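Per-entry structural report
Listed below, chain by chain, are the residues.
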Amino acid sequence: MVAGESVTSKRRKMTTQLESRIAARFGVLPNFFRLTTDDSKITENLWEFAQFAYLDNPLPSLLKERLFVYLSLFCKVRYCIARHVGFLIGLGHPAGDPQCPPQTLDEVLPLLRGNLPFNSDLDQALALCEGLGMGSFPPEPDSAQEGAIFACAAHVFLRTPDASRALHALKCVFDEKTLEYTKLLLAFIRTAHYWTEIHPALVLEDDINQLLATHEAIAACVLADPDALPDNKLAHLISEDLTSLRDLNERHLRLEQDYELLGTEHQRTENRLFEREQMLEDSSKRLGELAAIVESSDDVIVSKDLNGIIKSWNAAAVRLFGYSAEEMIGTSILKLIPEDLHSDEKTIMENIRAGRRVDHFETVRRTKSGQLLDVSLTISPIKDEHGRVIGASKILRDVSTRKRIEQALLQAEKIAATGRMAATIAHEINNPLEAVMNLMYLLRPMIADPAGISYFESVEAELGRVSHIAKQTLGYYREHAAASSASIGEIVLHAITIYEPRCTATGIEIQKAINSSRKIVLRRGEMMQVVSNLVMNSIYAMQAGGVLSISVEEAVKSPDGIVLTIQDNGVGIEESDLPRGFEAFFTTRATVGTGIGLFVAKQFVEGHGGKIEIESRQNVEDHGTTVRVFLPISTEYDSSGEGARQGSNGQLNAEDVRASVSTTAAPVPNSAKKEDEANAALGPRQIRLIGAI
């Protein structure tokens, strides 16, 4: 590369960097600063002057921009008024201030239709300023006070014969410092007008052309020839001023002063600018590295302002929530928060505004699909270079999987504890029960009296009930017997025989309708447990008495099978609790029950390839619960002999329930061996009564 090409490349790089700074300040890149690309030093100096006299001028941003527009009405080249009208309505930042709210077209039109007052109109404006009747500063847009200030500033700016009177009136309004900043702004506006007049190649930007093409009223005011404005006496005055040697000389002197001021400011900032460029390069490198880290993070990283408006949205956020960055940036963070948790966001923002960090706050957030996720949040305040909190950075981690694992472990611990309890109770109850049954076996031949035999049989029946109640209290038990052909109706009748005395004592009427004696292959003990659990639930629900209806029917619709229905008119179950009815250890009875009856029933039914469903209502006139159990004619045990280890719906079947008890229960020494020996010693009748607990 030759030396000339290197200089050109370096100059172009400097120009590009300058244009980036200008665009960042205005929100757009005005063509006004693109006229001297061959010599970037000129543009640098012009930009420094613009910052000092206009952008960083401490006068209110809206007042500066409106005054710029008003004075540009009197410039023959229409670029300045068009561009600054664009800034005023939001096509860029008014006076380079992104915090300055833009105005509407209706608010700008009166300003564009204003005239330069003379004679009595000017006297009124001067009197308003000189009489100190201005009120608070800055004046409201389009107010009489603003009009008076703009009129005086225009006469000073245009060097009319009334300029000295207008300057005196401004001295009555502004303090000395504010007046000097006003003069400095007027100097830059004059420079801007002159700069546009000597650069005929200057063209309007696309956004301004679009504005003028779509808003006729704005275009009429902006593109009007200053000489053609109604009641405008400025054309004659400007003509006189331009032909006046005195005015030309003064204008030349003011321009020299402006450029001298520009040179002084440039001298002061040249070294500082170089240092800032070096710092900017270092900062850009660090920001690039940070941006890469944020974008590649597996955690959601977003930022928001103090109003909760999202400012950044990384790739992990897109993956987790399903919203693209375009959908979320500029919207409220409340879009992700369920309505009942909106108060949490208020608390978080109060901590952030106070400069406090929020660590590992666990809550819930909603995805685009409506799914609720358990998340952990860490929120840190974002501060500007002055240490003021301007927003918040949020790191979000999906902990739904961890929560599910925790719940699963808790459930497993409960089941393990129940298994250990079941093994212990089974062992403790079985031993005395075996002794009692052995004694009764020996005692039976000694009883010859008919009344004694009747009492003896009653004792046997009651011991059978004790055995069954023990099994039901445990919630589930091991069944070693193989599946066999049995009738659901017979099992139901047997259960009714056991529970009928208790129902009678409680005032419960049992209505039975056994309309099917069809036999299917099943595990009798498991189905007896299902019926017992459902009947006991109904009894608990009717403490003050009621009607318990039990029916066995053949299925009307396909598939072929048997339908068992158990219905009561008890207190019913709340609608919110119904989805959890078959959940292990969930119960609505605080003092009665373990919460595993329905859970075990569901596993046993599905282990046979069947289904179980529950309905309930709590209306005053219509209350109660209905449970329907469907068993197919060809059960899982019918085809395999022992049944599938797991049903098609992914739930644990009966074999799994027994396995969980077997593998999680605490070991009881020689318990199984003793049980087998005891069963071998006893007769069939005793084994039937005791069962395998």
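As shown above, the structure is provided for reference.
Below or above, wherever it landed, is the structure these notes cover. (Residues numbered from 1 in each chain as written. Predicted model: local features only at pLDDT ≥ 70, side-chain atom pairs only at ≥ 80, totals over all residues. Heavy atoms only, no water.)

A few points about the packing of helix H20 (residues 524-541) against helix H21 (residues 597-607)
Formally: Fitted lines through C-alpha atoms give the axes, limited to the stretch in contact for helices. The angle between two N-to-C directions lies from 0 to 180 degrees. Each helix is a run of DSSP H or I of at least 4 residues and each strand a run of E of at least 2, with the numbering of both proceeding from the N terminus. In this scheme, a crossing is called left-handed if the near helix is turned counterclockwise away from the far one by less than a right angle; it is called right-handed if the turn is clockwise. Only heavy atoms enter the contact rule, under which two residues are in contact if any of them lie within 4.5 Å. Residue polarity follows a fixed list, in which Ala, Val, Leu, Ile, Met, Phe, Trp, Tyr, Cys and Pro are nonpolar, Asp, Glu, Lys and Arg are charged, and the others, Gly among them, are polar.
With their axes 9 Å apart at the nearest point, H20 and H21 run at an angle of 145° to one another. The chirality of how H20 crosses H21 is left-handed. Here H20 contributes Glu526, Gln529, Val530, Asn533, Leu534 and Asn537 to the contact with H21, which in turn contributes Gly597, Leu598, Ala601, Phe604 and Val605. Class assignment for the residues of the contact of H20 with H21 results in six nonpolar, four polar and one charged.

Remarks on the pairing of strand E3 (residues 358-366)
Rule in force here: When DSSP finds two or more bridges between a pair of strands, those strands are recorded as paired.
As paired elements, E3 and strand E4 (residues 372-383) share seven bridges and run antiparallel to each other. If you follow Val364 over to E4, its bridge partner there is Asp374. From the end of E3 to the start of E4, which pair antiparallel, there are five residues, and Gly370 there has a positive phi angle of about 95°.

As for the packing of aromatic side chains
Here is the rule we go by: Stacked, tilted and edge-to-face are the three classes assigned to paired rings of Phe, Tyr and Trp, where Trp is represented by its six-membered ring and a pair needs centres within 6.5 Å; plane angles under 30 degrees give stacked, over 60 edge-to-face, the rest tilted. Partly exposed describes any residue whose relative accessible area lies between the buried limit of under 20% and the exposed limit of over 50%, with all areas from a 1.4 Å probe on protein chains only and scaled to the type maximum. Any Lys NZ or Arg CZ found within 6 Å of a ring centre and within 35 degrees of that ring's normal is scored as a charge over the ring.
Applying the stated criterion to the full structure yields 13 aromatic pairs. For the ring pair Phe26 and Phe87, a centre distance of 5.0 Å and an interplane angle of 5° mean the geometry is stacked. Of this pair, Phe26 sits in helix H1 (residues 3-26) while Phe87 sits in helix H4 (residues 79-88), and the two are 61 residues apart along the sequence. Here Phe26 matches Phe87 in class, with each residue buried. Chaining the aromatic ring pairs together yields one cluster made of Phe26, Phe32, Phe33, Trp47, Phe49, Tyr54, Phe68, Phe87 and Phe188. Across the ring face of Phe157, the terminal group of Arg190 is positioned such that the distance to the ring centre comes to 4.8 Å.

Digging into the pattern of salt bridges
For clarity, the cut-off: Throughout this description, the term salt bridge denotes a Lys or Arg side-chain nitrogen within 4 Å of a carboxyl oxygen of Asp or Glu.
Per the counting criterion, the structure on display carries 24 salt bridges. Notably, a salt bridge pairs Arg21 with Glu44, separated by 3.7 Å at the nearest N-O pair. In this pair, Arg21 sits in helix H1 while Glu44 sits in helix H2 (residues 40-55), placing the two residues 23 residues apart along the sequence. Judged by its relative accessible area of 23%, Arg21 falls in the partly exposed class. Glu44 gets classed as buried once you look at its relative accessible area, which sits at 5%. One salt bridge connects Asp305 with Lys311, and the closest N-O pair in it is separated by 3.9 Å. Residue classification places Asp305 among the buried residues on the basis of a relative accessible area of 18%.

Overview of the side chain of His193
Counting through the fold element by element, His193 comes out in helix H9 (residues 176-197). For His193, a relative accessible area of 5% gives the class buried.

Some thoughts on helix H6 (residues 119-130)
Quick reminder: α-helices carry 3.6 residues per turn. Residues three or four places apart thus point the same way. Test applied: Here, expected helix span is obtained from the residue count minus one, scaled by 1.5 Å. What the arc covers is the set of directions going from the helix axis to the C-beta atoms.
Over its 12 residues, H6 extends 16 Å from the first C-alpha to the last, a length consistent with the 16 Å expected when each residue adds 1.5 Å. By the burial criterion, the buried members of H6 are Leu122, Ala125, Leu126 and Cys129. For H6, the angular spread of buried residues about the axis comes to 95°, placing them on one side. Where H6 is buried, its residues meet helix H7 (144-158) and helix H8 (163-173).

Re the sheet that holds E4
Taken together, five strands build an open sheet; the order of strands is E2-E1-E5-E4-E3 and the sheet is antiparallel. Every other strand in the sheet has two partners, leaving strand E2 (310-313) and E3 as the edge strands with one partner each. With strand direction ignored, the average angle separating the axes of adjacent strands in the sheet is 30°. Sheet topology places E4 next to strand E5 (residues 389-398); nine bridges connect them, and they run antiparallel. Across the sheet, Ser380 pairs through a bridge with Ser393, a residue of E5. Running over the sheet, helix H16 (residues 342-353) touches strand E1 (300-305), E3, E4 and E5 and is turned about 130° from E5.

Re the side chain of Ser551
Structurally, Ser551 can be placed in strand E9 (residues 546-554). Dropping the residues within four chain positions of it, Ser551 is found in contact with Ala513, Val563, Leu564 and Thr565.

Considering unusual backbone geometry
At the junction of Ser558 and Pro559, the peptide bond is cis and its omega measures out at 5° in the coordinates. Assignment of secondary structure puts Pro559 in the loop between E9 and strand E10 (561-568). In this structure, Asp142 is a non-glycine residue whose phi angle is positive, near 65°. Its location among the elements puts Asp142 in the loop between H6 and H7. Asp142 gets classed as partly exposed once you look at its relative accessible area, which sits at 48%. Within the chain, His360 stands out as a residue other than glycine whose phi angle is a positive 50°. Residue position: His360 is located in strand E3.

Considering the sheet that holds strand E11 (residues 611-618)
Sheet strands associate in pairs through backbone hydrogen bonding, adopting either a parallel or an antiparallel arrangement. Here five strands make up an open sheet; going across it, the order is E7-E9-E10-E12-E11 and the pairing mixed. The outermost strands of the open sheet, each flanked by one partner alone, are strand E7 (508-514) and E11. Strand after strand, the sheet turns through a mean of 10° between neighbouring axes, direction not considered. Two elements, E9 and E10, share seven bridges in a ladder whose sense is antiparallel. Considered in E10, the bridge of Ser549 is made with Gln567.

Digging into H20
Taking 1.5 Å per residue, 18 residues should reach 26 Å; H20 reaches 26 Å between its end C-alpha atoms and fits that length. Of all the 18 residues making up H20, 15 are buried; the element is thus mostly covered by neighbouring parts of the structure.

So, the state of the cysteines
Our working definition: Count a disulfide wherever a pair of cysteine sulfur atoms falls within 2.5 Å.
The tally for this structure, following the rule as stated, stands at zero disulfides. The structure places no disulfide on Cys129, whose sulfur is separated from the nearest cysteine sulfur, that of Cys152, by 4.0 Å. Relative accessible area serves as the criterion here: at 0%, Cys129 is assigned to the buried category. The thiol sulfur of Cys172 is not disulfide-bonded, and the nearest other cysteine sulfur, from Cys129, lies at 8.1 Å.

Looking at the packing of helix H3 (residues 61-72) against H9
What counts, and what does not: Geometric relationships in this document are graded by angle, where less than 35 degrees denotes roughly parallel, more than 145 denotes roughly antiparallel, 65 to 115 denotes roughly perpendicular, and other angles denote oblique.
Where H3 contacts H9, the axes come no closer than 11 Å and their chain directions differ by 45°. As far as their axial angle goes, H9 and H3 are oblique. Considering the relative orientation of H3 and H9, their crossing is right-handed. Residues Lys64, Leu67, Phe68, Leu71 and Ser72 of H3 form the contact with H9, whose own contacting residues are Leu185, Leu186, Phe188, Ile189, Ala192 and His193. For the contact of H3 with H9, the per-class residue count stands at eight nonpolar, two polar and one charged.

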